[in-house]
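# Results of the structural survey
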Amino acid sequence: MSKQIETLEYEKSENFDSLEAAHSVEPEVELEQDTVDEMRSGSELLVESLANENVDFIFGYPGGAVLPLYDTFYDGKIKHILARHEQGATHAAEGYARVSGNTGVVVVTSGPGATNAITGIADAYSDSLPLVVITGQVATAGIGKDAFQEADLLSMTTPITKHNYQVKNVNEIPKIIHEAFHIANTGRKGPVVIDFPKDMGILSTNAQTTDELELPGYHVADKPAENEIQKLRDYLKSAKKPIVLSGAGINHAKANDVFTEFVTRHQLPVVSTLLGLGAIPYEHPLFLGMGGMHGSYASNMALTECDLLINFGSRFDDRLASKPDEFAPNAKIVHVDIDPSEINKIIKVDLGIVADCKATLEALLDYESYSIKHDDWLAYCNSNKEKHPFSYSKDEDESFSKPQRAIEYIGEITDGDAIVTTDVGQHQMWTAQYYPFKSHGQLVTSGGLGTMGFGIPAAIGAKLASPDKTVVSIVGDGGFQMTNQEMAILEEYGLDIKVVLINNGTLGMVKQWQDKFFNKRFSHSVFNDQPDFLKLAEAYNVKGFLIDDPTQLEQQIDAAFNHDGPALIEVRISPIEPVTPMVPSGKANHEMEGLS
């Protein structure tokens, strides 16, 4: 790091509410001319530090506490995407991070600006997405005094971040920025918050950007131990009914190719979590489908009957293991995860390997090229797949379009190669069941937190990360009305995103649960009135397509996807269309209902 000088000591001032106030105070010491020439504001230094981290985009929304920073953004050194709400900014950054693998950057103002971003921060923490969120803060003299738009972001975000900082010395900006990016995008990835008081953006410094790190208490797991690999191989050699569980860790590690090579070598059936979809191509003969609450029959029976379960990068969350005492009851369980806190947290394991999934798979493949066949077991799993596939009614006389067919057809015309974002609810599960994902980074969805309103802003970030890819955002009419204001960005930034609105006039998943578990008491889960969604799209200069006739489904989808520019495709579906099959909450995986 270049030698730094001490921050200029200014006479105490009541506040730094303007640039003029900050710079009107005379320094107590005379400085050499070369030093004076190198001086710039904390805001300028922060932008230089972001550029040093190769930041492509900043997603944000301005306000009083970050005006000095936004004045620096005016120079355009880093492209800024103006969201229409701070939650939208964080979800867009999540979509960007999920697809690009880079750290998403968010800048919001103090108080409500920062608290509006908390949902996205919590979502990124739950799904291990790397974000650096810079929250404006009142000037240091006002902190702790209930100043206008003050909020204690350090306390609020401690449980939902990997780490958080408050800048208290302008010279520390480069160090904090570099550490934040390193922490966010290493190990188990996640969000880091930097609370940035207003005067830190105004004070002057000649500190330089840095690539040095000093984090003695921060250790990242890397490669597995050789004895752990040997033990896993021994388990594999003796197993009669092995399966492999692919979690988000495979996709985060971009380990899809080595994962597919490993399971193919040993002919191991694969079950995926929601966030693990794409770890192996949907059409691969070893893929049994998503497991858990709305998973396939073949997957859930394999989870129940296996004698060896190798989990790569899944948390064993309650949507997969809703009844832990009866989860894989006859199996030896191996859990590979980069986060040691996940080992034995929910499911007791026989072998826990704290390491990167890709490094572990590469270590397994480095051994002699032996292959173990499990033909009878594989044939049994495939017979279950054929016996109870995901299915839906295809009655041509029905008056509503089938959401499953809409998603299935979009998969066909995009060759299973699109980036697909979703909100949360029934449409999310239909997407997981019927879109034929091929690789990592294709499914961008809110898994752990289950955040409605995620889909459209996440699609914006995804498209910015991969402008040459087809991006489809599949949303429900509930979540759509939470963040549809972000559609204003589509025309402004020329983003050709196809938004597929699955409209059943209800909060579909809530209503489905009320139907099954609350004696059909549909308490506030039905929308008695809705806006004209096509007119709303038109207001944002987005072309609208309405599908209210199932015979026109494919024709209208074709027209929308052939349209050069963003489009909203509203698909009217039945308000009683359920997601099937379903494992009721608290039941074991083999206790599925609603099988075909």
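Residues numbered from 1 in each chain as written. Predicted model: local features only at pLDDT ≥ 70, side-chain atom pairs only at ≥ 80, totals over all residues. Heavy atoms only, no water.

### Thoughts on the packing of aromatic side chains
Two aromatic rings are characterised by how far apart their centres lie and by the angle between their planes. Test applied: Stacked, tilted and edge-to-face are the three classes assigned to paired rings of Phe, Tyr and Trp, where Trp is represented by its six-membered ring and a pair needs centres within 6.5 Å; plane angles under 30 degrees give stacked, over 60 edge-to-face, the rest tilted. Segments assigned H or I by DSSP are reported as helices when at least four residues long, segments assigned E as strands when at least two residues long, and all are numbered from the N terminus. Each residue is assigned to one of three classes by its accessible area relative to the maximum for its type, calculated with a 1.4 Å probe on protein chains only: buried under 20%, partly exposed between the two thresholds, exposed over 50%.
Evaluation of the coordinates by the stated rule reveals 14 aromatic pairs. Taking 6.1 Å as the distance between ring centres and 80° as the angle between the ring planes, the aromatic pair formed by Phe262 and Phe312 counts as edge-to-face. Note that Phe262 is positioned in helix H12 (residues 256–266) and Phe312 in strand E12 (residues 308–312), a separation of 50 residues in sequence. Side by side, Phe262 and Phe312 carry an identical accessibility label, which is buried. Between Phe390 and Tyr434, the ring centres sit 6.1 Å apart and the planes meet at 50°, which makes this aromatic pair tilted. Of this pair, Phe390 sits in the loop between helix H15 (375–387) and helix H16 (403–413) while Tyr434 sits in helix H17 (residues 426–434), and the two are 44 residues apart along the sequence. Chaining the aromatic ring pairs together yields one cluster made of Phe57, Phe59 and Tyr96.

### A few points about the side chain of Thr360
To be explicit about the condition: For this analysis, a polar contact is any N or O atom pair within 3.5 Å, provided that within protein one partner can donate a hydrogen and the other can accept it, and provided that sequence-adjacent residues contribute only side-chain to side-chain pairs. The criterion used for residue contact is that any of the two residues' heavy atoms lie within 4.5 Å.
As for its placement among the helices and strands, Thr360 is situated in helix H14 (residues 357–366). Here the side chain of Thr360 touches Asp356 through a polar contact of 2.9 Å, landing on its backbone oxygen. When near neighbours in sequence (up to four residues on either side) are disregarded, Thr360 contacts Pro224, Ile229, Phe312, Val336, Ile353 and Ala355.

### Some details on the pairing of strand E3 (residues 79–82)
Worth spelling out the cut-off: Two strands are said to pair when DSSP picks up at least two bridges between them. Looking down the strands as they point away from you, a crossover is right-handed if its path from the first strand over the helix to the second goes clockwise.
By the bridge criterion, four bridges tie strand E2 (residues 57–61) to E3 in an arrangement that is parallel. Directly across from Ile58, in E3, lies its bridge partner His80. Traced from E2 through helix H4 (residues 67–73) to E3, the parallel crossover comes out right-handed.

### Thoughts on the UniProt feature "domain: Thiamine pyrophosphate enzyme N-terminal TPP-binding" (unreviewed entry) in the chain
Using the following cut-off: UniProt positions are given in the numbering used here, feature names are shortened, and annotations may be inferred rather than shown by experiment.
With numbering matched to this structure, UniProt assigns "domain: Thiamine pyrophosphate enzyme N-terminal TPP-binding" (unreviewed entry) to residues 41–155. Summarising residues 41–155: 43% helix, 19% strand, and an end-to-end C-alpha distance of 27 Å.

### Regarding the nonpolar core
Applied cut-off: Buried Ala, Val, Leu, Ile, Met, Phe, Trp, Tyr and Cys residues that are joined via side-chain atoms within 4.5 Å together make up what is termed a nonpolar core.
In terms of nonpolar packing, the biggest core is built from 68 residues, with Phe259, Phe262, Val263, Phe312 and Val334 touching the most fellow members. Leave out the neighbours within four places in its chain, and Phe312 touches Val244, Leu245, Ser246, Gly247, Ile250, Phe259, Phe262, Val336, Cys357, Thr360, Leu361 and Leu364. Residues Ile81, Leu153, Val499 and Val542 belong to the second largest nonpolar core, which totals 47 residues.

### Let's talk about the sheet that holds strand E20 (residues 567–572)
The line we're drawing: For helices, the fitted axis covers only the stretch in contact; all axes are lines through C-alpha atoms, and the angles between them, taken along N-to-C directions, range from 0 to 180 degrees.
With respect to topology, six strands assemble into an open sheet ordered E16-E15-E17-E18-E20-E19, the strand pairing being parallel. Sheet topology places strand E16 (443–444) and strand E19 (543–547) at the edges, where each strand pairs with a single neighbour. Relative to E20, E19 runs parallel, the two being bridged by five bridges. Each bridged residue has a counterpart across the sheet, and for Gly544 the counterpart in E20 is Leu568. Of the strands in this sheet, strand E15 (419–422), E16, strand E17 (471–476) and strand E18 (497–503) are in contact with helix H18 (residues 455–465), which crosses E17 at around 170°. The strands touched by helix H23 (residues 553–562) are E17, E18, E19 and E20; relative to E19, the strand with the most contacts, the crossing angle is about 170°.

### A word on H12
A large share of H12 lies buried, amounting to eight of its 11 residues. Structurally, H12 contributes buried residues whose contacts are with helix H10 (226–238), strand E9 (242–246), helix H11 (248–252), strand E10 (270–272), E12 and H14. A positive backbone phi angle near 50° is found at Gln267, which sits one or two residues after H12.

### Here's the deal with the sheet that holds E10
Spatially, six strands are ordered E11-E10-E9-E12-E13-E14 in an open sheet, and the strand pairing comes out parallel. A strand with exactly one partner marks an edge of an open sheet, and here the two such strands are strand E11 (287–290) and strand E14 (351–354). For this sheet, the mean angle separating the axes of adjacent strands, direction not counted, is 15°. Relative to E11, E10 runs parallel, the two being bridged by three bridges. Across the sheet, the residue bridging to Val270 is Phe287, located in E11. Running at roughly 170° to E9, H12 makes contact with E9, E10 and E12 of the sheet.

### Here we look at the domain arrangement of the chain
Note the following rule: Each domain's limits were defined by an automated method or a database of domain assignments. The term buried area refers to how much accessible surface (probe radius 1.4 Å) is lost by two components on association, counted for both of them together. Throughout this entry, Asp, Glu, Lys and Arg are counted as charged residues, while Ala, Val, Leu, Ile, Met, Phe, Trp, Tyr, Cys and Pro are counted as nonpolar. The remaining residues, Gly among them, count as polar.
Each assigned domain of the chain is listed with its residue range as follows: domain 1 (40–205), domain 2 (226–387) and domain 3 (403–572). Just the C-alpha atoms count here: the centres of domain 1 and domain 2 sit 37 Å apart. Facing 10 residues of domain 1, the contacting portion of domain 2 comprises eight residues. Carbon and sulfur atoms supply 47% of the area that domain 1 and domain 2 bury against each other, a total of about 740 Å² over both sides. When the buried surface of domain 1 facing domain 2 is broken down by residue, Arg98, Asp127 and Arg188 rank first, second and third, together holding 62% of it. One can count three residue pairs in polar contact (both at pLDDT 80 or more) joining domain 1 with domain 2. Across the side of domain 1 that touches domain 2, the residue classes break down as one nonpolar, five polar and four charged.

### Some details on the packing of helix H13 (residues 297–305) against H15
Under the convention used in this document: Note: crossing handedness is left-handed where the near helix turns anticlockwise from the far helix by less than a right angle, and right-handed where it turns clockwise.
At a minimum axis separation of 7 Å, H13 and H15 run at an interaxial angle of 140°. Every pair of crossing elements has a handedness; the one defined by H13 and H15 is right-handed. Residues Tyr297, Ala298, Met301, Ala302 and Glu305 of H13 lie in contact with H15, whose contacting residues are Trp377, Tyr380, Cys381, Asn384 and Lys385. Considering only residue class, the contact of H13 with H15 consists of seven nonpolar, one polar and two charged.

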